[in-house]
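Fold and contact review
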2 protein chains.
Amino acid sequence: MTKKYVYFFGKGKAEGRGVMKDLLGGKGANLAEMTALGVPVPPGFTITTEACLEFMRRKGKYPPGLWEQVERNLARLEHAMGARFGDPKNPLLVSVRSGARVSMPGMMDTVLNLGLNDRTVQGLIARSGNPRFAYDSYRRFVQMFGDVVLGLRPESQEERDPFEVALEQKKREEKVTEDTDLRAGALKDLVARFKALIRQRKGVAFQEDPEEQLRLAVSAVFESWNNPRAVTYRELHRIPAEWGTAVNVQAMVFGNLGERSASGVAFTRDPATGAKRLYGEFLVNAQGEDVVAGIRTPEPLERLRERMPRAYREFTRTAARLEQHFRDMQDIEFTIQDGRLYVLQTRTGKRTGTAAVKVAVDMVRERLIDQKTALLRVDPRQVEQLLHPMIDPKAKLNRVARGLPASPGAAVGRVVFTADEAEAWAGRGEKVILVRLETSPEDIGGMHAAQGILTARGGTTSHAAVVARGMGKPCVAGSGDITVHEAQRTFEAKGQTVREGDWLTLDGTAGEVILGKVSLIQAELSGDFATLMKWADAERTIGVRTNADTPADARVTMQFRAEGIGLCRTEHMFFEGNRVEAVREMILADNAAGRRRALAKLLPMQRADFVAIFEEVRGLPVIIRLLDPPLHEFLPKTEEEMAAVAGAMGVPVEHVRDKAESLEEFNPMLGHRGCRLGIAFPEITEMQARAIFEAACRLAKQRKKVLPEIMIPLVGIGEEFRHQRAVVDRVAAEVTREAGVRVRYLVGTMIEIPRACLVADEIARDAEFFSFGTNDLTQTVYGFSRDDAGKFLAQYLDLGILPEDPFVTLDQRGIGELMQLGVQRGRRVRKDLEVGICGEHGGDPASVEFCHRIGLDYVSCSPYRVPVAKLAAAQAALRGKVRVKEMGEK
Amino acid sequence: MTKKYVYFFGKGKAEGRGVMKDLLGGKGANLAEMTALGVPVPPGFTITTEACLEFMRRKGKYPPGLWEQVERNLARLEHAMGARFGDPKNPLLVSVRSGARVSMPGMMDTVLNLGLNDRTVQGLIARSGNPRFAYDSYRRFVQMFGDVVLGLRPESQEERDPFEVALEQKKREEKVTEDTDLRAGALKDLVARFKALIRQRKGVAFQEDPEEQLRLAVSAVFESWNNPRAVTYRELHRIPAEWGTAVNVQAMVFGNLGERSASGVAFTRDPATGAKRLYGEFLVNAQGEDVVAGIRTPEPLERLRERMPRAYREFTRTAARLEQHFRDMQDIEFTIQDGRLYVLQTRTGKRTGTAAVKVAVDMVRERLIDQKTALLRVDPRQVEQLLHPMIDPKAKLNRVARGLPASPGAAVGRVVFTADEAEAWAGRGEKVILVRLETSPEDIGGMHAAQGILTARGGTTSHAAVVARGMGKPCVAGSGDITVHEAQRTFEAKGQTVREGDWLTLDGTAGEVILGKVSLIQAELSGDFATLMKWADAERTIGVRTNADTPADARVTMQFRAEGIGLCRTEHMFFEGNRVEAVREMILADNAAGRRRALAKLLPMQRADFVAIFEEVRGLPVIIRLLDPPLHEFLPKTEEEMAAVAGAMGVPVEHVRDKAESLEEFNPMLGHRGCRLGIAFPEITEMQARAIFEAACRLAKQRKKVLPEIMIPLVGIGEEFRHQRAVVDRVAAEVTREAGVRVRYLVGTMIEIPRACLVADEIARDAEFFSFGTNDLTQTVYGFSRDDAGKFLAQYLDLGILPEDPFVTLDQRGIGELMQLGVQRGRRVRKDLEVGICGEHGGDPASVEFCHRIGLDYVSCSPYRVPVAKLAAAQAALRGKVRVKEMGEK
């Protein structure tokens, strides 16, 4: 017996079920589920993902038995539809669509109207009484078949789609401007021209046999799983290549049968805001792809109520039922054929971060889901976009156009007109706005590189809009106010010409296009988002702190309700204003006495910083890292600067130059920095410790809580830590004795050198806390200088040598193992060792989950990523519980 | 019952035994052993190292019961000697000496003639009938007691020893030049002056009570374990602080009782050459420290035969018996008192590398020891000195002085006159010769920093000579031909003045001082050394290869009988002559085609290199590392060089400058190098692989054996390796197909990035060998840039933050653990994975032992270290067997 590769659905019954997404793909599983629910779905069958994988394993051959199963199910479909495949009188037409486990909009191929040929088109004419519709369907089919199955596409970036060129040519000949104005005869002629084009360009005749058409189309859909667009999409969305795609073969229904027919898409809630209302658009007398492609601007769904009230009512009921059934916001494709509603597919609707939060919180209120489910519904990466900048309300705006508010947030950048340029400019560090007539899947890379996207055509479900929302990029779509001249690299708006390189601001929330570079402000935590965060706080077991170097940063920390400061870098304090002069004086001093004199000038300034930071955080812990960068960073670089410094210090310029030269390093990353400085110049550690403890004592005297945690950087040897800790403890004792108060404090270290992980037990004998500095750890464990790796990291990602940038997402296999070792060994000698992370990974959701798993006490990230980290931490805790439960049940 | 802290020896009986070195120290155990053997040893007792440790634990207080035991044993000693401690008629005098498990010559303190005071000195006069001797002993005792017990020492580097100043003053007053010319009255007066000096400088009266003297002296010896000299010595010789020292209290015998008395030291074999003859020196009418201190130049031992024939005969017999008993060359201290021989101590004699080898091989011939013992007798670090340079016999020499050939080998350097200067100059990278009147323990650091040592005073057992031999530094001692003016920083020899900074050459083997910078040549393997190496080859189980980049290096490899080339760096081949032009042309090319054109020029040259190397090693394996350094290393640095290169290439100079700037890196060590280059520019890997396989095929066609092992550098990700291996395998297939021969080859990687150790399993799936690049591994695991770490590593060693330089001796705790992980994980997926090491640690004995222990297949080191590595490997195998045996017996 061969494997079951084909699952039938139709007439209220389905062989598959909604939970079979791995096998049937998301679309196939939903069609089965919907059919069983009684939703009016055109009947059809799904070829499984297993068949696809088997097909690829056999390098493009069907597995034995597959085609027989397809033929059997085709017969059932003919029976269900009362029509026969290839029948010249009453032909069955089918769509052939891809359908992976997760939705990959526009990434893979689809063929519609399959089954048409010169004979069956006559049957379609007979059945519909509409030759124009029949030939329009036929020419669409030939065009799609030519593109998808035969690969007849533009051969260079300059060439336009040859089918489109032929269509334009025909329209010129017929002297019409719209496709819909072409009459049946013209379309019939176009079919012949398309076939000639195929023969000429591909050297083969158009395939007239419907069964062969089907066989070729199924193969083409399987193969489209590995087309470059799909591969890029998978990489961006971390979808494994081993999933494969299912193929759905479904009876065609027609939205282009005339004015009583239509095609549309709708969301059960507003995908941009999350508001609870049906939200969508439709095109009368059109097939579905016309809506998505954005060639004609569709009408909003509300107008359907007026134009086809019965179908509208049925759709409303069906949509509500689907959302209720799936307990999540649905994205529904529908067709109305001669006034009768067909649902073509439903799936979980993509949404903005704002919408994700609102839908999740609303559904808890509606008792559709519980709080835990709500927390798992929101992608932490999307949350960041909620904190995306908005346009400063006080800014003066030169608005030049309006469009659809397709993806929220504001973006500022310089105008470019092609995806390639967007990538090239962004590669040079430029912020760009990508302006296109309309976007297509080939533009994905450029959209990724852009700050925001502006299109002249297309609706809020157009490619540009859907993709931009997925990426969290602001987008203004379908702006009829602008005229884009892609060739000249300009666009016009309100009579003004905007050229490549000009500054432009987009407000994706309001749908506005503004000339120039407008100042932006940050968003705040409130409403549903604050509710979700409260739930997250209740679930998560790992703390969230922020990295904050100044009192202003510390204030933001409190606004985002972080639980302390995980990293306060003191060197930033040294660069400000006249402080750097004292630092330079210290560096230029010839002995400890001279250094002490210079450091004495810095002491009151550092102390004031710490007083202000301690005041802001009101007793929360503050991890203060002692001076870390190599001293040459503080010295002037150019001859002029050196002369100025020498003048100000009253020393010969040679002295400054000699010092700078003597401090130069081949590999500063691995040089004289971190605790190595404090050991060479203990007076620096002394001054910093004194500033910290004097500040802490001042608060303590006012009976204010204060908890400094002093972090010795770059420790790799137990003795390094002991040396520096002794200095800190001595100063602490001196200062608190002088002040006559007691101050609780911890002394710990940053674990950022591979050796520190290995000898963590040795270090933890004396250290009270560890904080993983995963930025430096990534540099040393990989041997990648972050400043230099740009040259090859991009290529490594392109070639698949690395699955992701290890500076963005923690390398769990390598660095992660060392971290685990560090935690285990550290806690072996000190049970209550406090362990956290303060690298940039602290705000990356996958990394936060890892930190939760290996038992860190907290993550510390940049202030604006606190909500991301909190949500990721809550999800990690929830998933951990599920995992623990599963394990317990076994 | 309290612990036994004191062990008595005397009159042919001893409570201790020779194996109790841990408890009694080396000296105490030997005194016990010798006493039991019937050797004429002055009686005494040993206070154990446990007492010392307890004393330190109690912060300078004696453990309970200790002093009672001392008193009891003092009484036994009084009985044995027929004299009483503090008896004004017949006083017992004792020496109080330190004695650790291993000998630390001159490092800790000794007090002689203890028990003298104004009353007992009268008894000594009565007993000896020699008031001059008695007062000389008394003044010596007061001086030593003042120094050792009361710490009366020069207070600054400028000040001279105040006792010495008083002595000089007295000699001037008495108008004599030699100490021995001072008469009893003068010496008595000197005692009074010394006591006044103590009262004045230390504010205490001299301690007249003998028992209190003893108590204070024992404490002082205990404390001297932690004096700075001793601590430095322990660090240099890797002696744990936890060992502590024993104290030997022994009846005094006197070598300064007149012309029938003498003190001397002797070795049972020549410590410089290993020749089997009694070798030593003595001073008539002197105490032992006069011989060692080098104040008077002693007479060679042969002359004792004439001067005191009976004592000489007894000494000869005793020495032979001691060597026979201990089965090793002995270093014996003796005193002749009124013609009667006393052996004060015997210990294993320190010897040069040459002597160590000869003594070991001779003793096997004499059937005193077996081959295995002989192998364990030679310190591999000493073996390197056998390969130390010699003076080129063809060189013209300007000999200006002769001295004692105190430590063999030749050294060239610039003259300095103080230990501090030696360290300072060496710190700047200068090679120096330290010239001193005589050296003292304070000079150790400077001696370590110097290439060689020249002294004007002292014999072949003087401090300078003993320490220099231990360090393997050439030394010419006691050169009466030179007059040193330390204050003016010059010395005179044969009427010429040599100043600080002048070049000087020493021949420590011949005892010659030569003006200028003489060319040196390398030593060769032969004679006893070759024999020992043959034994080592038979015992060791780990292979020894060499690092060799050129055919000339490969020839040396064969001379030293290495088992292949463990590292052949190809970049060195790229720098030669006109090759660098082609390399630059490649770098400046804008595309792969241009690079290929330039690489095609390099191909024949690289191929020729490999042909020559393969020919040299006659079928032994050759690990060839593909291009490793960042490309900017090949580009010109200065404007002039850039202009020249641009001219030669026919490109604008801006092009060269832009390229150089674009390739500049912040941290080249962590930059675009290693396999990252080969991945970015696969054409480089292709060319190198082609050169290797074309060369290999040429030999294979001549039916010559050839085994290339191609090493991909800097791999940290499995995919990196697979990418590069695919290129190599493809080229190998192409070239061997073209040539029509088969060539066996391996492809492997250098493990030099921490992550590579962690993912070794992933890499070993495709790699056939690993070679640990411990230089880079040390850099990345510690986060130490080798080029920059000089600034702080020296301080780390000084402060004891690091016990040793991790670039010299492998860090077993950190790097070692990662290596072990790498070996385990690699072999888990590939049982026959070949694993070696090619960092400089491959020639360091302790590191070789570690490599043996973790199961590496071979070590690879610089050619001249091959004998060191072989001997270390043999010792590791022997010690491993002992360990395995011990474990088996449990």
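Remember, it's a predicted structure, so these values are computed and weren't measured experimentally.

Take the overall build of chain A next. Broken down by element type, chain A carries 35 helices and 32 strands. The C-alpha atoms of chain A give 32 Å as radius of gyration, which agrees with the globular expectation for 890 residues (29 Å, within 12%). Seen along its three principal axes, the alpha-carbon backbone of chain A occupies a region of about 105 × 65 × 50 Å. Residues classed as buried in chain A amount to 60% of the 890 residues present. Long-range contacts, defined as pairs at least 24 residues apart, comprise 68% of the intrachain contacts of chain A with a sequence gap of at least 6. Accessible area for chain A stands at about 35,400 Å²; split by element, carbon and sulfur atoms hold 49% of it.

Residue and element names in this part refer to chain A. Following the sequence through the fold, Gln213 ends up in helix α8 (residues 210-224). Of the residues examined, Gln213 reaches a relative accessible area of 0% and is grouped as buried. In contact with Gln213, other than residues within four places in its own chain, are Leu114, Gly115, Leu116, Asn117, Phe141, Phe145, Phe206, Gln207 and Glu208.

Quick look at the relation of the copies chain A and chain B now. When chain A is fitted onto chain B, the two copies agree to an RMSD of 0.4 Å after a turn of 178 degrees and an axial shift of 0.4 Å. Read as a symmetry element, the transformation amounts to a two-fold axis. Of the interface residues in chain A, 100% have counterparts in chain B that sit at the interface too, so the contact is made through matching surfaces.

It is worth spelling out the interface of chain A and chain B at this point. On the chain B side, the residues contacting the 50 residues of chain A number 50 residues. Where chain A abuts chain B, roughly 4,300 Å² becomes buried across the two surfaces, and 56% of that area is made up of carbon and sulfur atoms. Together, A:Leu670, A:Arg755 and A:Arg813 form the three largest contributors to the area buried by chain A at its contact with chain B, with a combined 15%. Across the pair A:Arg813 and B:Asp761 runs a salt bridge whose closest N-O atoms are separated by 2.8 Å. Our count for the chain A to chain B interface comes out at 31 residue pairs in polar contact (both at pLDDT 80 or more).

Residues and elements named next belong to chain B. Read across the open sheet, the eight strands follow the order β13-β23-β22-β15-β16-β17-β18-β14; overall the sheet is mixed. With partners counted over all chains shown, the strands left at the sheet margins are β13 (398-402) and β14 (404-407), one partner each. Between one strand axis and the next, the sheet turns by 35 degrees as a mean value, whatever way the strands run. As paired strands, β14 and strand β18 (residues 475-477) are joined by three bridges and run antiparallel to one another. Within β18, the position partnered with Ser407 by the bridge is Cys475.

As a further point, take the state of the cysteines. Taken as a whole and assessed by the stated rule, the structure comprises zero disulfides over all chains. Of all cysteine sulfurs, the one in B:Cys757 lies closest to B:Cys675, which takes part in no disulfide; the gap is 14 Å.

A few words now on the environment of B:Thr778. If you trace the backbone, B:Thr778 turns up in helix α31 (residues 774-782). A polar atom in the side chain of B:Thr778 sits 2.6 Å from the backbone oxygen of B:Thr774.

With that out of the way, let us pick up the confidence of the model for chain A. Interpretation of this model should avoid reading the predicted coordinates in detail wherever pLDDT is low. All names here are of chain A. Residues with a pLDDT of 70 or more make up 97% of chain A, whose mean pLDDT is 90. A low-confidence stretch, residues 885-890 stays under pLDDT 50, and its non-local contacts, those more than four residues away or across chains, total zero contacts. Among the scores for the predicted complex, ipTM is 0.74 and pTM is 0.75.

Right, let's talk about a positive patch on the surface for a bit. There is a patch of like positive charges on the surface, built from A:Arg260, A:Arg310, A:Arg313, A:Arg317 and A:Arg321. Here A:Arg310 is to be found in helix α12 (residues 309-326).

Applying the stated criterion across every chain, the model contains 160 salt bridges over all chains. For B:Arg690, the salt bridge identified is with B:Glu738, shortest N-O distance 3.2 Å. Linking B:Arg690 in helix α27 (residues 682-701) with B:Glu738 in helix α28 (residues 718-739), this pair joins segments that are 48 residues apart in sequence. One network of salt bridges, in which partners are shared, links A:Arg596, A:Arg607, A:Glu686, A:Arg690, A:Glu694, A:Arg730, A:Glu734 and A:Glu738.

Calculation notes
Residues numbered from 1 in each chain as written. Chains lettered and ligands numbered in written order. Predicted model: local features only at pLDDT ≥ 70, side-chain atom pairs only at ≥ 80, totals over all residues. Heavy atoms only, no water. Helix = DSSP H or I, 4+ residues; strand = E, 2+ residues; numbered from the N terminus. Rg over C-alpha atoms; globule rule 2.2 N^0.38 Å. Buried < 20%, exposed > 50% of the residue type's maximum accessible area, 1.4 Å probe, protein only. Contact = heavy atoms within 4.5 Å. Areas by Shrake-Rupley, 256 points an atom, 1.4 Å probe, with all protein chains shown as cover. Least-squares fit on C-alpha atoms with pLDDT ≥ 70 in both. Buried area = accessible area lost by both parts, 1.4 Å probe. Salt bridge = Lys/Arg side-chain N within 4 Å of Asp/Glu carboxyl O. Polar contact = N/O pair within 3.5 Å; in protein donor to acceptor, adjacent residues only side chain to side chain. Pairing = 2+ DSSP bridges. Axes fitted to C-alpha atoms, helices over the stretch in contact; angles between N-to-C directions. Disulfide = S-S within 2.5 Å. pLDDT = per-residue confidence, 0-100. Patch = residues over 30% accessible without salt bridge, like charges linked within 9 Å, V, L, I, M, F, W, Y side chains within 5 Å. Lys, Arg positive; Asp, Glu negative; His and termini not counted. Charge placed at Lys NZ, Arg CZ, Asp CG, Glu CD.

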